[in-house]
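# Working through the structure, step by step
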Amino acid sequence: MAGLDDVFGDLVRSVDAVVLFSPSGSYYERCADLEDLDLIVIGTENAVGAETFVELPLAFDDIRERIRFGLEGALEQDLIEDGDELACATSVFSDGIDTVSRVRADVETRTGIYDLFVKSRAEPEVIKAVLELAVELGKKGQKGKPVGALFVVGDAGKVMNKSRPLSYNPFEKSHVHVGDPIVNVMLKEFSRLDGAFIISDAGKIVSAYRYLEPSAEGVDIPKGLGARHMAGGAITRDTNAITIVLSESDGLVRAFKAGELILEVDPEAY
Ligand SMILES: Nc1ncnc2c1ncn2[C@@H]1O[C@H](COP(=O)(O)OP(=O)(O)OP(=O)(O)O)[C@@H](O)[C@H]1O
Ligand SMILES: [Mn+2]
């Protein structure tokens, strides 16, 4: 007679590594005792002090995104290899780990999402802060109305050369940075007006109200989107900046790098 282990055991049979997403301390301890198995912890912070850790810039509500991002990071850090079979344990319904997925590491399906944070010119914390701001802005809108915004992050000198002012720059003589709560309020306020925000590698707000004039050819953008996304994509081919774009029309937040659409998230899902 077959037991449950015979059926579900296949999920974890002869995997190359166990990947724990934000485990509790006791869960991690239990797994650390498993013999002959590589153990990788992935999460927004290394709360259990794991030896082998991959940082997530966001908690990623969508499980597939969470696992995909985490595994891209693990591949990037050479913790796993193409073709490795992995037992990924994460929480879906509760706070604790309640789900195991068997996933095959595949370099072909790499989206560049990990690259976006870790291998861009701008600091990962700056990109993370701008992404969080765009998600927050997308969630709440501006006084209840949907709002669009375009943030160009990194390589600011070159971006300034490929853009022109639409209005006076309220950040002209200031030395303020993204992530600072007061600055975030200001950015939200200014997002009602036209143009792009230009942010330096270190997160300094260089300018608001910039009209981007990239010389790069148009890039592929999803149907229904227009000039904001086209310019936002193209400037990343022209410069080493990345862009984070909140769409007023469909409410999604997108990130572009090197002319490619890398990330698409629904603010409502966070
Ligand atoms: N080249 C540009 N540089 C900076 N901002 C731009 C540029 N082109 C358009 N925008 C801004 O984007 C706004 C919306 O333009 P448009 O509707 O064509 O873009 P979109 O890609 O469809 O974005 P959305 O989904 O938010 O409507 C414009 O009002 C303007 O503020
Ligand atoms: Mn539009």
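Here is a short report on the structure shown in this document. Values in this document were obtained by computation on a predicted structure and should not be read as measured data.

Thresholds applied
- Residues numbered from 1 in each chain as written.
- Chains lettered and ligands numbered in written order.
- Predicted model: local features only at pLDDT ≥ 70, side-chain atom pairs only at ≥ 80, totals over all residues.
- Heavy atoms only, no water.
- Pairing = 2+ DSSP bridges.
- Helix = DSSP H or I, 4+ residues; strand = E, 2+ residues; numbered from the N terminus.
- Axes fitted to C-alpha atoms, helices over the stretch in contact; angles between N-to-C directions.
- Salt bridge = Lys/Arg side-chain N within 4 Å of Asp/Glu carboxyl O.
- Buried < 20%, exposed > 50% of the residue type's maximum accessible area, 1.4 Å probe, protein only.
- Near = heavy atom within 4 Å.
- Polar contact = N/O pair within 3.5 Å; in protein donor to acceptor, adjacent residues only side chain to side chain.
- Nonpolar A, V, L, I, M, F, W, Y, C, P; charged D, E, K, R; others polar.
- Contact = heavy atoms within 4.5 Å.
- 1 Å grid on protein atoms, 1.4 Å probe; cavity = no way out; pocket = protein on both sides within 12 Å on 5 of 7 lines; lining within 4 Å.
- Points joined across faces, edges and corners; volume = space filled by probe spheres on them.
- Right-handed = clockwise from strand over helix to strand, strands pointing away.

## Description of the sheet that holds strand 6 (residues 149-153)
Strand pairing within a sheet occurs via backbone hydrogen bonds; the two strands may be parallel or antiparallel. Across the sheet, which stays open at both edges, the 7 strands sit in the order 7-9-8-6-10-11-12 with mixed pairing between neighbours. Only two strands of the sheet have a single neighbouring strand rather than two, namely strand 7 (163-165) and strand 12 (260-265). The average undirected angle you get between the axes of adjacent strands in this sheet is 30 degrees. When strand 10 (residues 242-246) meets strand 11 (residues 253-257), the two strands line up antiparallel, connected through 5 bridges.

## As for the pattern of salt bridges
Across all of its chains, the model carries 13 salt bridges by this definition. The salt bridge partner of Arg-228 is Glu-248, with a shortest N-O separation of 3.7 Å. Of the two residues, Arg-228 sits in helix 8 (residues 227-238) while Glu-248 sits in the loop between strand 10 and strand 11, which places them 20 residues apart along the sequence. A relative accessible area of 28% places Arg-228 in the partly exposed class. On the accessibility criterion, Glu-248 (46% relative accessible area) is partly exposed. Here the residues in one salt-bridge network are Glu-85, Arg-102 and Arg-104, joined through shared partners.

## Some points on the site of ligand 1
Surveying the vicinity of ligand 1 reveals 15 residues, the closest of which are Asp-194, His-229, Ser-247, Glu-248 and Ser-249. Asp-194 places a side-chain nitrogen or oxygen 2.6 Å from an oxygen atom of ligand 1. Contacts to ligand 1 include Ala-227, whose backbone N or O atom sits 2.9 Å from an oxygen atom. Contributing elements (two or more residues each) for the shell around ligand 1: strand 9 (205-212) and helix 8. Taken together, the residues that form the shell around ligand 1 break down as 6 nonpolar, 5 polar and 4 charged.

## Here we look at the side chain of Thr-243
For Thr-243, the position within the fold is in strand 10. Of the residues examined, Thr-243 reaches a relative accessible area of 0% and is grouped as buried. In this structure the side chain of Thr-243 is engaged in a polar contact, spanning 2.8 Å, whose partner is the backbone oxygen of Gly-232. In this structure Thr-243 touches Leu-150, Phe-151, Val-152, Gly-232, Gly-233, Ile-235, Thr-236, Arg-254, Ala-255 and Phe-256, once residues within four positions along its chain are discounted.

## As for unusual backbone geometry
Phi is positive for Ser-14, close to 45 degrees, though the residue is something other than glycine. Positionally, Ser-14 belongs in the loop between helix 1 (4-8) and strand 1 (17-21). When its relative accessible area of 63% is taken as the criterion, Ser-14 is described as exposed. Not every positive phi belongs to a glycine, and Asp-155 is a case in point at roughly 50 degrees. Locating Asp-155 in the fold gives a position in the loop between strand 6 and helix 6 (156-161).

## With respect to the layout of surface pockets
In this structure, the largest pocket spans a volume of roughly 230 Å³. Elements that contribute at least two residues to the lining of the largest pocket include exactly helix 3 (63-76) and strand 5 (99-104). Tallying contributions element by element places helix 3 first for the lining of the largest pocket, with 7 residues. Across the lining of the largest pocket, the residue classes break down as 6 nonpolar, 1 polar and 6 charged. Considering only enclosed or pocket space, the second largest pocket measures out at about 190 Å³ in volume. Elements with a contribution of two residues or more to the lining of the second largest pocket: strand 9 and helix 8. Classifying every residue of the lining of the second largest pocket gives 7 nonpolar, 1 polar and 3 charged.

## Digging into the pairing of strand 2 (residues 38-43)
For strand 2, the buried fraction is high: 5 of the 6 residues fall into the buried class. Pairing of strand 1 with strand 2, which is carried by 5 bridges, proceeds in the parallel orientation. Following the sheet pairing, Leu-20 is matched in strand 2 by Val-41. Once the chain exits strand 1 it traverses helix 2 (residues 25-32) before rejoining the sheet at strand 2, and the crossover so formed is right-handed.

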